[in-house]
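Observations on the three-dimensional arrangement
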4 protein chains.
Amino acid sequence: MIIRMRAGAESGDVDFVVARLRSLGLSAHLSFDGDSALIGLSGPVDAVPVGVIQRWRGVERVLPTNRAYRLASTELRPERTEVRVGDVAVGRDVVVIAGPCSVEGRDQVLRAADGVKKAGATMLRGGAFKPRTSPYSFQGLAEEGLKYLAEAREETGLAVVTEVMAPEFVPLVSDYADVLQIGARNVQNFALLAAVGHSEKPVLLKRGMMSTIEEWLLSAEYILSAGNPNVILCERGIRTFETTTRNTLDISAVPAVQELSHLPMLVDPSHSTGKRSLVTAVSRAAVAAGADGLLIECHPDPDNAQSDGYQSITPAQLADLIGQCRAVAEAVGRNIA
Amino acid sequence: MIIRMRAGAESGDVDFVVARLRSLGLSAHLSFDGDSALIGLSGPVDAVPVGVIQRWRGVERVLPTNRAYRLASTELRPERTEVRVGDVAVGRDVVVIAGPCSVEGRDQVLRAADGVKKAGATMLRGGAFKPRTSPYSFQGLAEEGLKYLAEAREETGLAVVTEVMAPEFVPLVSDYADVLQIGARNVQNFALLAAVGHSEKPVLLKRGMMSTIEEWLLSAEYILSAGNPNVILCERGIRTFETTTRNTLDISAVPAVQELSHLPMLVDPSHSTGKRSLVTAVSRAAVAAGADGLLIECHPDPDNAQSDGYQSITPAQLADLIGQCRAVAEAVGRNIA
Amino acid sequence: MIIRMRAGAESGDVDFVVARLRSLGLSAHLSFDGDSALIGLSGPVDAVPVGVIQRWRGVERVLPTNRAYRLASTELRPERTEVRVGDVAVGRDVVVIAGPCSVEGRDQVLRAADGVKKAGATMLRGGAFKPRTSPYSFQGLAEEGLKYLAEAREETGLAVVTEVMAPEFVPLVSDYADVLQIGARNVQNFALLAAVGHSEKPVLLKRGMMSTIEEWLLSAEYILSAGNPNVILCERGIRTFETTTRNTLDISAVPAVQELSHLPMLVDPSHSTGKRSLVTAVSRAAVAAGADGLLIECHPDPDNAQSDGYQSITPAQLADLIGQCRAVAEAVGRNIA
Amino acid sequence: MIIRMRAGAESGDVDFVVARLRSLGLSAHLSFDGDSALIGLSGPVDAVPVGVIQRWRGVERVLPTNRAYRLASTELRPERTEVRVGDVAVGRDVVVIAGPCSVEGRDQVLRAADGVKKAGATMLRGGAFKPRTSPYSFQGLAEEGLKYLAEAREETGLAVVTEVMAPEFVPLVSDYADVLQIGARNVQNFALLAAVGHSEKPVLLKRGMMSTIEEWLLSAEYILSAGNPNVILCERGIRTFETTTRNTLDISAVPAVQELSHLPMLVDPSHSTGKRSLVTAVSRAAVAAGADGLLIECHPDPDNAQSDGYQSITPAQLADLIGQCRAVAEAVGRNIA
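Per chain, the residues get numbers from 1 upward, laid out in the order the sequence is written. Each chain gets a letter, beginning with A, and each ligand a number, beginning with 1, in the order they are written. Local features in a predicted model are, by the rule used here, given only for residues with pLDDT of at least 70; side-chain atom pairs are given and counted only at 80 or more, and totals for whole chains, interfaces and linings are based on all residues. Excluding hydrogens and water, the side-chain values take into account all heavy atoms of the structure.

Any Phe, Tyr or Trp ring, taking Trp's six-membered ring, that has another such ring centre within 6.5 Å forms a pair; planes under 30 degrees apart are called stacked, those over 60 apart edge-to-face, and the others tilted. Tallying each qualifying case throughout the model produces twelve aromatic pairs over all chains. Where Phe 16 of chain A meets Trp 56 of chain A, the ring centres are 5.8 Å apart and the plane angle is 75 degrees; that geometry is what we call edge-to-face. Taken together, the positions of Phe 16 of chain A in helix H1 (residues 11-23) and Trp 56 of chain A in the loop between helix H2 (50-53) and strand S4 (59-63) put the pair 40 residues apart, joining distant regions of the chain. Charge-over-ring placement is defined geometrically: NZ (Lys) or CZ (Arg) within 6 Å of the ring centre, and within 35 degrees of the ring normal. Sitting over the ring of Tyr 136 of chain C, Arg 70 of chain B keeps its end group 3.9 Å from the ring centre. We count a stretch as a helix when DSSP gives it H or I for four or more residues in a row; a strand needs E for two or more, and each element gets its number in order from the N terminus.

Shown next, in the form of structure tokens:
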């Protein structure tokens, strides 16, 4: 159950409501949706005197909820959320975020940025901190990589999306990035979710390879309930028995999540397929299903990439992909940003 | 390794080649692609004297193969296969096969057929023999249901797709149906695959909920190698840990299978999602990914259907779905049949 | 809901009860547990006048049930079932069923039978009809193989377990075998389940690689409800993302199924691990968990087996395995048969 | 490829070898196994002049490796590792680590500790920092909980195992705990793995619910290669389609991991089954399979536990479990610590 206070309700009224609810034996969790305070309740909610509460000062309405997540839910906020990144509104037109898996050096990232810009991408992606299964694999250029990404932004005007892997690095990555990416392996790294939740930067939250949709939305809820409303979801494939593709893209998650949550939803066709030749067809499918954007690995020289080359496409292939996706977007009443 | 004999090669030449290969310690399996005999080899193929064989009378060419399936493979036949069902060529324009999960009675199936016809469907589906997890669930009307389906075809002109569940029923079902469907649970019922392989009817082969793509194509190979070239594949979702949807539609399988096989490929958005509200978005995605058609559960009164009502749409919703998919099909250079 | 009639109730009383229940709008399904008729009900059972029914002539008791399966359930029959195979009672002492994956020839199967007998096995397994993923793989010796198995039984006294793959072959296989095996791929081949359900032979029903426990018990219910009470379950691993082993043995299914069902439960450590070196440790675990027996691939010359050699052990290894399992069985209060 | 230097080799010799290998274009990673330096190589290792290297000063031997992990591998260290925790050697006798899911208060943890001690457990487990899927669930008592655990150790003499969830908390948790637990959700939280790798405390590393065995061992390798050799593995079930149990315990992983790695290996029957009534049978199976210990949720009043009560057993049930496992351990030649 959620109590929604009126926009601009006085803090004394909010405090009164919270205190009274707690005196009823309920656990009350305070968060904000713009100017409105939201009070999430758990405990013996069946016994809550809804009619009485609705008459308390400052209360707008009392919402029952059947879902474990609240701030992420369409029950609380039926209208779609748009997350601003510079002058782009993620959730309105379809965005294409493209770039290399890893930042390998200054020249490579500048060439990649130039290539994806010319191909029509909306933002630049690239990893400076790389989560690698093996400790012996290339772990990324760290701050040096962030600097190159920032330089690429200067040159192209593309906003930068890059991963942050530990709470202690949130301030550093925030100095350079426009969007903080939480990778699939960290989807239940709750300390990290809280850390980006205390930031004001938009967060791109990938689904874990083992996350159910509910778990994923609860991970989003960690960020939202810490105070950061700017969450962008990204489906990237789940782990199944099938080995033809690297993961299994859960395309049905696109409309399923849009029924459950107001947050914008992207699709990553690169990690989900793991195979260059499948990326374009899967991108078309994602746009047709209603995705708000794509996150694509694109490298100036995929065959010599330090990581994930087999799933990266060239800038020329990206331009073709965007052209095909533009036609599909228009067929479903959307534009490419 | 496959030896492809020239079209119309004399049977004596074919017999000679088979006998000589067997004398080399190889296992030779004979099948036909139209007028051309194909001799599939297994065993110590590395030692095969390719240059010598190519000079034997009637041999057209010797094909190496890395894939366990042969007749289903693009290695053997790079051009796309079209399967004729009446005057429809499955594999050319995008087909929409729609109808109720179960044939429940004469009136229901005639109304359903009329509804899907008016909505723009290309063929009618409906189950007379129903594979049900529980022995206590409705098992279908059997031959009575087949008769109603045939009557619906008379009235609407729509070809009929219906499931066959055991080898002994292949002749009976063939008397009424235009396409024999093999359900997901029977994808490795090898006796049944052989039985429909000896038929001349087109076969719609669903992917098993636990089938890898390779296993599925090998199941197709059972049908093809028994002599029936008219195989239509249908992705219908695989079983994973996710429970929001009934199964997880493997959308990447559409382009992945098209790289591996020349057979037409449909998608079933009803069983894969299990949820009416997701069917249209997933159908659009399938068409955008390049699927050759859709298999959709449509019932005149879904909420009172005897099975699968929660995933069935109404004829009015089907008409809307087809309209949306037509726009997507055109965006990717296809038409709806 | 199940109505249990008194042992030996007159058929007129049974018919009366069935007819009255149907007149109440319920679906009534008749089956037998020894001399007692069981009437399974589906439909609007909440409205059933239980108190009234309990007074009808011949009714012993009315059982509510929350489970989709009935005859397989401990709700109906709390005591453990023992299935007789010759003078062995499966479900009492721990049985070891061992032998080659495929019957490859007379000599091989006689040597295998002699080897497993000397090693201490309780029964002989071996495939004459082989379900193979590829149509080009060795498909078994069919009736010739059955004859060799019968000859091996003559020589060793070991009862024979072998697979039947299609309804039409149930009579043939029954002529030679003591136990009819239903393989994992046929767990939802409902026509085959019904066919062995109409037989009187004991049936060894493997779990499908994607079967939930409930689906598996419902497959057992198909056999039981067709009239054959002699069902032995066999867990053989499920399909997961892990590739170190061929399948993932669901060891928790042993106690979980024993809570739900009274049927005896074996474990197949060979198919679940797919790796010879793991078979003994997993066999010990199965016995410790409470399994009623083991189904093990054992070949006189595993490295030259025509199928599954990498997971087959030698008779000498089997003797060692049985010795280790005997110690574990005794530790949990059981004996090896 | 790994270069093993002689125990006590001079650091100048180690530096020389590393520098020379890097000059050959290889990536050389230095770590230690007791007094012996190990130099892991990646890159073009096929071209490495093995014979020459073996003559360099201080080199003991050059080991080829086919596995991605090295320090965790039996290729490098065939003898089993024992990890000391106080006077217990994990990897020698079978250990039983038991206690509540969460530390809920001083009284609860002291009662739990007393109960598990009397039941025969070897160590105490309990969560002060709790990774919870929902931000609204009880998150643990944090440092207050650690203090109660330390007090319980004072009273019972049992070593304490507790989870650490973020790098910044490693020093704090190390002040109170004897073993640092890394939970399933953090198995690829590489910053956290590195942080505990720089600690000297033994680490209990749970398998992720979607970790392959290789990925899990590579996570162990992160800890080992950071300098901490005291890693204890714990299988806790993987995520599959089956819903009867909370997870699917991969019992075959016990012998499979023991073939691949020298690290001790525990099993958690509580999280894997999620069901109290299955815990004892699965514990017996784990010991029979060769596990080095058990990690069990035990609560003085499971039905009123704040988390995971449905899978917790009572101290009396634990005593019975340990008795049963003792008999199984003896049957396989082990003792309970």
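Picking up after the structure, the text goes on.
Superposition of the copies used a least-squares fit over C-alpha atoms from residues whose pLDDT is at least 70 in both. Turning chain C through 180 degrees and shifting it by 0.0 Å along the axis lays it on chain B, with an RMSD of 0.1 Å. Interpreted geometrically, this transformation is the action of a two-fold axis. Residues of chain C ranked by C-alpha distance from the rotation axis are headed by Met 210 of chain C, positioned 2.9 Å from it. Both copies present the same face, since 100% of the interface residues in chain C are matched by interface residues at the equivalent positions in chain B. In what follows, residue pairs with any heavy atoms lying within 4.5 Å of each other are defined as contacts.

Another point: the pattern of salt bridges. When a carboxyl oxygen of Asp or Glu is within 4 Å of a side-chain nitrogen of Lys or Arg, the pair counts as a salt bridge. If you walk through the whole model with that rule in mind, you get 64 salt bridges over all chains. Across the pair Asp 13 of chain B and Arg 57 of chain B runs a salt bridge, and its minimum N-O distance is 3.2 Å. A residue pair is termed long-range when its members are at least 10 positions apart, and Asp 13 of chain B in helix H1 (residues 11-23) and Arg 57 of chain B in the loop between helix H2 (50-53) and strand S4 (59-63) qualify at 44 residues. Of the charged contacts in the structure, one is a salt bridge between Glu 242 of chain C and Arg 207 of chain D, with a shortest N-O distance of 2.6 Å. Taken together, the residues span two chains, with Glu 242 of chain C in the loop between strand S12 (231-235) and helix H8 (253-260) and Arg 207 of chain D in the loop between strand S11 (203-206) and helix H7 (213-225). We classify Glu 242 of chain C as buried; its relative accessible area is 4%. The cut-offs for exposure are 20% and 50% of the maximum accessible area for each residue type, with area from a 1.4 Å probe on protein chains only; residues under the lower value are buried, those over the upper are exposed, and the others partly exposed.

Each side of the interface is counted separately: chain C has 30 residues, and chain B has 30 residues. Here the quantity called buried area is the total loss of accessible area, with a 1.4 Å probe, experienced by two parts when brought into contact, counted for both. Carbon and sulfur atoms supply 58% of the area that chain C and chain B bury against each other, a total of about 2700 Å² over both sides. Interface area lost by chain C to chain B is led by Thr 133, Tyr 136 and Met 210 of chain C, which between them contribute 26%. On inspection of chain C and its partner chain B, the count reaches two salt bridges. Taking the shortest distance from any N to any O, the salt bridge between Arg 239 of chain B and Glu 215 of chain C comes out at 2.6 Å. Put simply, the parts of the chain that give the side of chain C that touches chain B at least two residues each are helix H6 (190-197) and helix H7 (213-225) of chain C. With five residues, H7 of chain C is the single largest residue contributor to the side of chain C that touches chain B. Polar here means any residue other than Ala, Val, Leu, Ile, Met, Phe, Trp, Tyr, Cys and Pro, which are nonpolar, and Asp, Glu, Lys and Arg, which are charged; Gly is therefore polar. Looking at the side of chain C that touches chain B residue by residue, the classes come out as 13 nonpolar, eleven polar and six charged.

So, on to unusual backbone geometry. Look at Ala 142 of chain A: it is not a glycine, yet its phi comes out positive at around 55 degrees. With respect to the helices, strands and loops of the structure, Ala 142 of chain A is situated in the loop between strand S8 (123-125) and helix H4 (143-156).

Turning to the interface of chain B and chain A, a few remarks are in order. Listed by partner, the interface residues are 36 residues for chain B and 36 residues for chain A. Both faces considered, chain B and chain A share a buried interface measuring about 2800 Å² in area, 67% of it formed by carbon and sulfur atoms. Our enumeration of links across chain B and chain A arrives at four salt bridges. Polar contact criterion, stated in full: a pair of N or O atoms within 3.5 Å, where within protein one must be able to donate a hydrogen and the other to accept it, and residues adjacent in sequence count only if both atoms are side-chain atoms. Our enumeration of links across chain B and chain A arrives at ten residue pairs in polar contact (both at pLDDT 80 or more). Looking at the side of chain B that touches chain A residue by residue, the classes come out as 19 nonpolar, ten polar and seven charged.

Residues and elements named next belong to chain D. Two strands pair if DSSP finds at least two bridges between them. Judged by pairing direction, the barrel is parallel, and its eight strands sit side by side in the order S7-S8-S9-S10-S11-S12-S13-S14 before closing back on the first. Between one strand and the next, the sheet's axes are offset by a mean angle of 25 degrees, whatever the strand orientation. Sheet analysis places strand S10 (residues 179-182) next to S11, joined by three bridges and oriented parallel. Within S11, the position partnered with Gln 181 by the bridge is Leu 204. Of the strands in this sheet, strand S12 (231-235) and strand S13 (265-267) are in contact with helix H8 (residues 253-260), which crosses S13 at around 170 degrees. Angles run from 0 to 180 degrees between N-to-C directions of axes, and those axes are lines fitted to C-alpha atoms, restricted for helices to the stretch in contact. The strands that helix H11 (residues 315-331) touches are strand S7 (95-99) and strand S14 (293-297); relative to S14, the one it contacts most, it runs at about 165 degrees.

Residues and elements named next belong to chain A. Structurally, Glu 221 is set in helix H7 (residues 213-225). It turns out Glu 221 is buried and unbridged, and the closest side chain with the opposite charge, Arg 70, is 5.6 Å from it. Polar contacts involving the side chain of Glu 221 include one to the main-chain amide nitrogen of Arg 70, which spans 2.9 Å. For Glu 221, the side chain forms a polar contact with the main-chain nitrogen of Leu 71, separated by 2.7 Å. His is not counted, nor are the chain ends; Lys and Arg add positive charge and Asp and Glu add negative charge.

We now examine the confidence of the model for chain A. Looking at chain A, pLDDT values average 93 and 99% of them are 70 or higher. Model confidence for the complex: the whole-complex pTM is 0.89, and ipTM, which rates the interface, is 0.88. Every residue is assigned a pLDDT by the predictor, reflecting its confidence on a scale from 0 to 100.

The subject of this paragraph is the sheet that holds strand S4 (residues 59-63) of chain D. Residue and element names in this part refer to chain D. Here we have four strands laid out as an open sheet, ordered S2-S3-S1-S4, and antiparallel in their pairing. Pairing within the sheet leaves two strands with one partner each, and these edge strands are strand S2 (27-33) and S4. Taken over all neighbouring pairs, the strand axes of this sheet differ in orientation by 20 degrees on average, direction set aside. Here strand S1 (residues 2-5) pairs with strand S3 (residues 36-42) via three bridges, running antiparallel. Of the residues in S3, the one forming a bridge with Ile 2 is Gly 40. The strands touched by helix H1 (residues 11-23) within the sheet are S1, S2, S3 and S4, with S3 carrying the most contacts at an inclination of about 5 degrees.

On to the state of the cysteines, then. Two cysteine sulfur atoms make up a disulfide if the distance between them is within 2.5 Å. Considering all chains together, one arrives at zero disulfides over all chains under this definition. Here Cys 234 of chain B is not cross-linked by a disulfide; its sulfur's nearest cysteine counterpart is in Cys 101 of chain B, at 14 Å. The closest cysteine sulfur to the non-disulfide-bonded Cys 298 of chain D is located on Cys 101 of chain D, 12 Å from its own sulfur. Cys 298 of chain D sits in the buried class, given a relative accessible area of 0%.

Within the secondary structure, Asn 186 of chain B sits in the loop between strand S10 (179-182) and helix H6 (190-197). If we ignore the near neighbours within four places in the chain, the residues touching Asn 186 of chain B are Glu 163, Val 164, Met 165, Leu 192 and Leu 193 of chain B together with Gln 188 and Asn 189 of chain C.

Okay, the relation of the copies chain B and chain A next. Here chain B sits on chain A after a turn of 180 degrees about the axis and a move of 0.0 Å along it, with an RMSD of 0.1 Å. An overlap of 100% is found between the interface residues of chain B and their copies at the interface of chain A, pointing to a shared contact surface.

Ranked by size, the top nonpolar core spans 354 residues in total, and within it Leu 318 of chain A, Leu 318 of chain B, Leu 318 of chain C together with Leu 318 of chain D carry the most contacts. Ignoring any residue separated from it by four or fewer positions in sequence, one finds Leu 318 of chain B in contact with Val 96, Ala 98, Val 116, Ala 119, Ala 121, Ile 296, Cys 298 and Ile 313 of chain B. What makes a nonpolar core is a set of buried Ala, Val, Leu, Ile, Met, Phe, Trp, Tyr and Cys residues whose side-chain atoms join them at distances within 4.5 Å.

A few words now on the packing of helix H3 (residues 106-119) of chain C against helix H11 (residues 315-331) of chain C. All names here are of chain C. It is at 8 Å that the axes of H3 and H11 come closest, and there the two elements cross at 25 degrees. One element, H3, and the other, H11, form an angle in the roughly parallel class. The crossing of H3 and H11 is right-handed. Residues Gly 115, Val 116 and Ala 119 of H3 form the contact with H11, whose own contacting residues are Pro 315, Leu 318, Ala 319 and Ile 322. Among the residues forming the contact of H3 with H11, the class breakdown is six nonpolar, one polar and no charged. Working definition: roughly parallel below 35 degrees, roughly antiparallel above 145 degrees, roughly perpendicular at 65 to 115 degrees, and oblique for all remaining angles. Put simply, a crossing is left-handed when the front helix is turned counterclockwise from the back one by less than a right angle, and right-handed when it is turned clockwise.

Our focus in this paragraph is helix H10 (residues 279-289) of chain D. With eleven of eleven residues buried, H10 of chain D is to be regarded as a mostly interior element. Looking at the residues trailing H10 of chain D, positive phi occurs at Gly 290 of chain D, about 110 degrees.

Residues and elements named next belong to chain A. Within the fold, Gly 120 resides in the loop between helix H3 (106-119) and S8. For Gly 120 and Val 287, which are 167 residues apart along the polypeptide, the C-alpha to C-alpha distance reads 16 Å. Gly 120 has contacts with Ile 322 and Ala 337, leaving out every residue within four places of it along the chain.

Attention now moves to the pairing of S14 of chain D. All names here are of chain D. Of all five residues in S14, five are buried; the element is thus mostly enclosed. Here S14 shows a buried face lined by Gly 293, Leu 295 and Glu 297 and a second buried face lined by Leu 294 and Ile 296. The sheet contact formed by S7 and S14 spans five bridges and is parallel. If you follow Gly 99 over to S14, its bridge partner there is Glu 297. By the bridge criterion, two bridges tie S13 to S14 in an arrangement that is parallel.

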